[in-house]
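Overview (structure and organization)
The primary structure of each chain is shown beneath.
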Amino acid sequence: MVADGQLARSGEVVMKISGRAGPLLSTERLALNFIQRLSGIATRTKELVDMCVAVNPKARVAATRKTTPGLRKWEKDAVELGGGMRHREGLYDQYLIKDNHLKVVGSISEAVKRARAHGKAKVVEVEVIDIAGAEEAARAGADIIMLDNMGPSEARTAAARIRAINPGIAVEVSGGITPKNILRYVEFADVISLGWLTHSIKAVDFSL
């Protein structure tokens, strides 16, 4: 009765099903749990997208990989249905160079160089924790630079430094972002990614 991604109001019938009572009753809870959780993700994503685009129409709200085990595809689908961006699925479709990789490789510049040489994924993103790292990643030729766990003031400065080096680099902010502080980043961010969308969401209550 209501398609994926469409607004449903309290009390509205979203689906009609028919069949033998036994199979319906034995599967209803699993089905409702899926619908409840994924609708919760889509709903809160839409709320955040609407908040952000009102301030910066170009800003994108994205999921992270902090998803429920076994449910990544569906949870990221729900983010997209809410108007958000699924981001990456893993290292096979987009490189994200994190602090763990840097401990092995030694530097941001070397990590970007190796990722380009590997060549499996076309997009190389680098996670940085300070302004110096942001500048190094920009000079190394990253496609996207993620400002991780930076306060709004430091992140704004880092974004400006990145764009001064290469205005074509996308700036992402992440780490500790919730509905309470997201608008403090949206003016200068191209992408805002929130693990909160999938690890701290409240399900929408449905019943059969």
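Here, the structure is the one placed above.
Residues numbered from 1 in each chain as written. Predicted model: local features only at pLDDT ≥ 70, side-chain atom pairs only at ≥ 80, totals over all residues. Heavy atoms only, no water.

**Quick notes on the packing of helix α1 (residues 21-55) against helix α2 (residues 72-81)**
Contact pair α1 / α2: the axes reach a minimum separation of 7 Å and the direction vectors enclose 35°. Note on packing geometry: the crossing formed by α1 with α2 is right-handed. Across from Arg-37, Leu-38, Ile-41, Ala-42 and Thr-45 in α1, the residues of α2 making contact are Trp-74, Glu-75, Ala-78 and Val-79. (Axes fitted to C-alpha atoms, helices over the stretch in contact; angles between N-to-C directions. Helix = DSSP H or I, 4+ residues; strand = E, 2+ residues; numbered from the N terminus. Left-handed = near helix turned anticlockwise from the far one by under 90°. Contact = heavy atoms within 4.5 Å.)

**Section: the environment of Ile-177**
Looking at the secondary structure, you find Ile-177 in the loop between β5 (170-174) and β6 (191-193). Assessed through its relative accessible area of 4%, Ile-177 is described here as buried. For the pair formed by Ile-177 and Trp-196, sequence separation is 19 residues and the distance between their alpha carbons is 7.4 Å. Residue contacts for Ile-177: discarding those within four places in its chain leaves Ile-182, Tyr-185, Ile-192, Leu-194 and Trp-196. (Buried < 20%, exposed > 50% of the residue type's maximum accessible area, 1.4 Å probe, protein only.)

**Focus: the pattern of salt bridges**
The tally for this structure, following the rule as stated, stands at 12 salt bridges. The shortest N-O distance in the salt bridge between Arg-44 and Glu-47 comes to 2.5 Å. In this pair, Arg-44 and Glu-47 both sit in helix α1, 3 residues apart, roughly one turn of the helix. Assessed through its relative accessible area of 36%, Glu-47 is described here as partly exposed. Among the ionic contacts, a cluster of salt bridges with common partners joins Lys-73, Asp-77, Glu-80 and Arg-86. (Salt bridge = Lys/Arg side-chain N within 4 Å of Asp/Glu carboxyl O.)

**Section: the sheet that holds strand β4 (residues 144-148)**
If you trace the 6 strands from one edge of the open sheet to the other, you get β1-β6-β5-β4-β3-β2, paired in parallel fashion. The open sheet has two edge strands with one neighbour each: β1 (60-62) and β2 (95-97). Pairs of neighbouring strands in the sheet enclose a mean axial angle of 25°, with direction left out of account. Here 3 bridges tie β2 to strand β3 (residues 124-128), and the two strands are oriented parallel to one another. Its bridge partner being in β3, Tyr-95 is matched across the sheet by Val-124. This element, helix α6 (residues 152-165), spans β4 and β5 of the sheet and lies at about 160° to β4. (Pairing = 2+ DSSP bridges.)

**Overview of unusual backbone geometry**
Unusually for a residue other than glycine, His-87 sits at a positive phi of about 65°. With respect to the secondary-structure elements, His-87 resides in the loop between α2 and β2. Under the relative-accessibility criterion, His-87 is labelled buried at 15%. In the Ramachandran plot, Asn-149 falls in the positive-phi region, its phi being about 55° despite a non-glycine side chain.

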